[in-house]
Amino acid sequence: MHRDSLVRSTPFRLAVAFAVMVVVAFALTGIAVHKLVEWELRRYQDKTIRETYSVIADAYGDSDLQDMLEAVEMNVRATRGMDRIFEVTSADRRFLGGNVRDFDVPDGWSDIKGRAIGREPDLAYRVYAGMVDGNRVVVGTSQQENDSIQEILASSFAWATVLVAVLAVSGGAALAARVRRRFNAVGDTMHAVSRGRLSARIPSLGNGDDIDALARDINDALARLEHTVEGMRQVSADIAHDLKTPLNRLRLTIEEALDREAHGLSVGEALVEAAVEADRINETFEALLRISQIEAGSRKTRFGPVDLGAILEFLIEVYRDVADDAGQSLFFDRRAGAYPPLSGDRELLTQMFANLIENAIRHCPAGTTLTVKLQNDPQGLVARFEDDGPGIPEAEREKVFRRLYRLEKSRTSPGSGLGLSLVKAVADLHDAAIELNDMKPGLGVVIRFRPDPRVCAA
Amino acid sequence: MRILYIEDDAKTAERVARGFAEVGHVCDVVADGEDGLFQAMRESYDVLVIDRMLPGLDGLSLVRSLRAAGRKIPALFLTSVGGIDDRVEGLEAGGDDYLVKPFAFSELQARVNALARRPPPVSVQTILQVADLKMDLVRRRVRRGETDIELQPREFTLLEVLMRNEGRIVTRTMLLERVWEFHFDPRTSVVETHVSRLRAKVDKPFATPLIHTVRNVGYSLHAPR
């Protein structure tokens, strides 16, 4: 696997995108809060100004200008250092009291700058002006306090945003690194597999998350792959073994023929023997190829609805006379009533059943009764091939079983071994279970088919 | 008979061509698929024998091209791989028969003979006759001389295949394929058993046998010579 930088990894990119979204959301929230606070502060300021104005106006009482001026003076003193402004002027615009003078504002609310009243020029003031019995009263407050509160707020938000950004990116990077480590584990495994180590598996955390599920799927696929490759390796080994021996015999036969020819003897017999040997080699080769093809599962593409009863009936018809010639009796005991067709490969099923019947005919002596049964169990169709022949001795049975369940490495008679291996391969392809029973006396081969969910549902 | 054999293995080709020449046929050999297609289009042959795996153009594509060009010349495929799906593919591509390598020359010869003299499919025969043996395909009845012969359905098919190939050899494998649709080699004497049952009905009660055994190859049904 390519080890690109963390920055280019998908999880990191996702983390960065997420961090950017978080920061933007946070900044937008900051702006909204700033606006809201500004609005609230202004409202509060206006309320304070208004109250102060009312107190001063109330002091006027019954045309007592002096009281009002005193109230103004008190307020000026009380608010020293708080940058509040007061002014009282007479109707003819004469200065009567206050801490600022000579400026002009309309009645009601207005915003003015410090330079208009001889204070710090850029400072903003909020002022309220009104008439109290012909005298004009102006009350105002500088915005400095509000501005500084908002400044603090803005800078807090700015710092918080930076912090959020740093946390989001570093947290994202940490998470991304974690995810990446797991992806790397997948990559390492695939790398090992592509290098030929098919037993490599992706370590699972067992937490059931999607990467775990993916790892499980890949591991399953790898297990199947390993199984298939192992099967192929086995087949090659089998071919080597099963073909080397007869090839050797063939060679010896030809040598013998050459020898005989050198001595002027007839070679016809040796040549016939060689031809037979060549046929046997071919037969073994065909059987092995067929089994490996079936095991690879490629035949499933040729699956269609098949009627097991019809196949068995046909085979009984074919083999009844063959059994008869061997002094045996072959019966078909069809107990299955109506049953849905099975999804399968008719040709292979025919060959499998034919193999089982032929095995019985070939391995049983004259006088044996062979019975083929088809039953419709609740679990599905069951085909039984029973005989009352000698059966298989206990010790031998073990061997047959092994040969049946695994392509045995040491095969001595390719005939029966491959026959049963083929039966097993076809049964496996059809998801059918196969078992050997002792019929006391005799042998019973049972093949249990599973009901086909697709056909049942239809 | 003129046979075109498209095969890239020189040794096999030489042996087969010599075999056909010995029995009086003309067999042209081409080693390349494209040359083979060219040759098959230019000259007129009775049968094509084509290896599936060829340099230039594979056997399947060759026959597809021929069929697309409207050539109905009978074609036999030689396949070397297992033959499980190959057979179906070959027949789907327009092949008329197939044979799995390695094959016996007698087998190839019997199949080529059967293909070359296959009656044109347009003329529907309803009565087959060899000497005094008559088969009515519509009523599904068999008579020899004045005697009716009762046959099982599969025996009827077996006799039909033999009669349709009157005078030619029908191999064991051909019978297995055509009568029982077995595409594998049974380990028991299926063919022998059924042929002997058929003989017991068709030949035994009569003076002259019609079904003849060709040793190590198969059977041939013909009038006494």
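About the thresholds
Residues numbered from 1 in each chain as written. Chains lettered and ligands numbered in written order. Predicted model: local features only at pLDDT ≥ 70, side-chain atom pairs only at ≥ 80, totals over all residues. Pairing = 2+ DSSP bridges. Helix = DSSP H or I, 4+ residues; strand = E, 2+ residues; numbered from the N terminus. Axes fitted to C-alpha atoms, helices over the stretch in contact; angles between N-to-C directions. Buried ≥ 20, exposed ≤ 12 C-beta atoms within 10 Å, placed from the backbone. Core = buried A, V, L, I, M, F, W, Y, C linked by C-beta atoms within 7 Å. Contact = placed C-beta atoms within 7 Å. pLDDT = per-residue confidence, 0-100.

Colleague: Please clarify how the sheet that holds strand β3 (residues 108–113) of chain A should be interpreted in this entry.
Modeller: Neighbouring strands of a sheet are bound in pairs by backbone hydrogen bonds; such pairs are parallel or else antiparallel. Residues and elements named next belong to chain A. Taken together, five strands build an open sheet; the order of strands is β2-β1-β5-β4-β3 and the sheet is antiparallel. The sheet is open, and its two edges are formed by β2 (95–98) and β3, each paired on a single side. Taken pair by pair, the neighbouring strands of this sheet meet at an average axis angle of 20 degrees, ignoring direction.

Colleague: Honestly, the environment of A:Gly61 in this entry has me stumped. Any pointers?
Modeller: Considering the arrangement of structural elements, one finds A:Gly61 in the loop between α1 (10–60) and α2 (65–78). Residues A:Gly61 and A:Val132, 71 residues apart in the sequence, show an inter-C-alpha distance of 9.9 Å.

Colleague: Explain the pairing of strand β7 (residues 133–136) of chain B here, please?
Modeller: In regular strands, side chains alternate between the two faces of the sheet. Residues and elements named next belong to chain B. Residues Leu-133 and Met-135 point to one face of β7 and are all buried, whereas Lys-134 and Asp-136, pointing to the other face, are not buried. Pairing of strand β6 (residues 127–130) with β7, which is carried by four bridges, proceeds in the antiparallel orientation. Across the sheet, Gln-129 pairs through a bridge with Lys-134, a residue of β7. Connecting the antiparallel pair β6 and β7 is a turn made up of two residues, with Ala-131 showing a positive phi of about 50 degrees.

Colleague: Could you clarify how one ought to interpret the nonpolar core in this entry?
Modeller: Grouped burial of nonpolar side chains is what soluble globular proteins tend to show. Counting residues in hydrophobic clusters, the biggest one holds 67 residues, and the most contacted among them are A:Phe353, A:Ile357, A:Ile361 and A:Val426. Looking at this core element by element, the count peaks at nine residues for helix α7 (residues 346–363) of chain A. Setting aside chain neighbours within four positions, we find A:Ile357 in contact with A:Leu315, A:Tyr319, A:Val372 and A:Phe385. Within the second largest apolar cluster, 29 residues are counted, among which are B:Val29, B:Val47, B:Ala75 and B:Val112.

Colleague: I would appreciate a short explanation of the confidence of the model for chain B in the present structure.
Modeller: Parts of the prediction with low pLDDT should not have their coordinates interpreted in detail. In the predicted model, chain B carries a mean pLDDT of 89, and the fraction of residues at 70 or more is 95%. Both scores are given for the predicted complex: the pTM is 0.63, the ipTM 0.84.

Colleague: What's the story with the pairing of strand β11 (residues 433–438) of chain A in this structure? I'm lost.
Modeller: Two elements, β11(A) and strand β12 (residues 443–448) of chain A, share six bridges in a ladder whose sense is antiparallel. Residue A:Asp438 lies in a different strand from β12(A), and its bridge partner there is A:Leu443.

Colleague: Please clarify how the sheet that holds β6(B) should be interpreted in this entry.
Modeller: Residues and elements named next belong to chain B. The four strands lie next to each other as β6-β7-β8-β9, forming an open sheet whose pairing is antiparallel. The sheet is open, and its two borders are formed by β6 and β9 (147–149), each paired with just one other strand. Taking each pair of neighbouring strands and ignoring which way they run, the sheet shows an average axis angle of 20 degrees. Strands β6, β7 and β8 (141–144) of the sheet are contacted by helix α6 (residues 153–164), whose axis makes an angle of about 70 degrees with β6.

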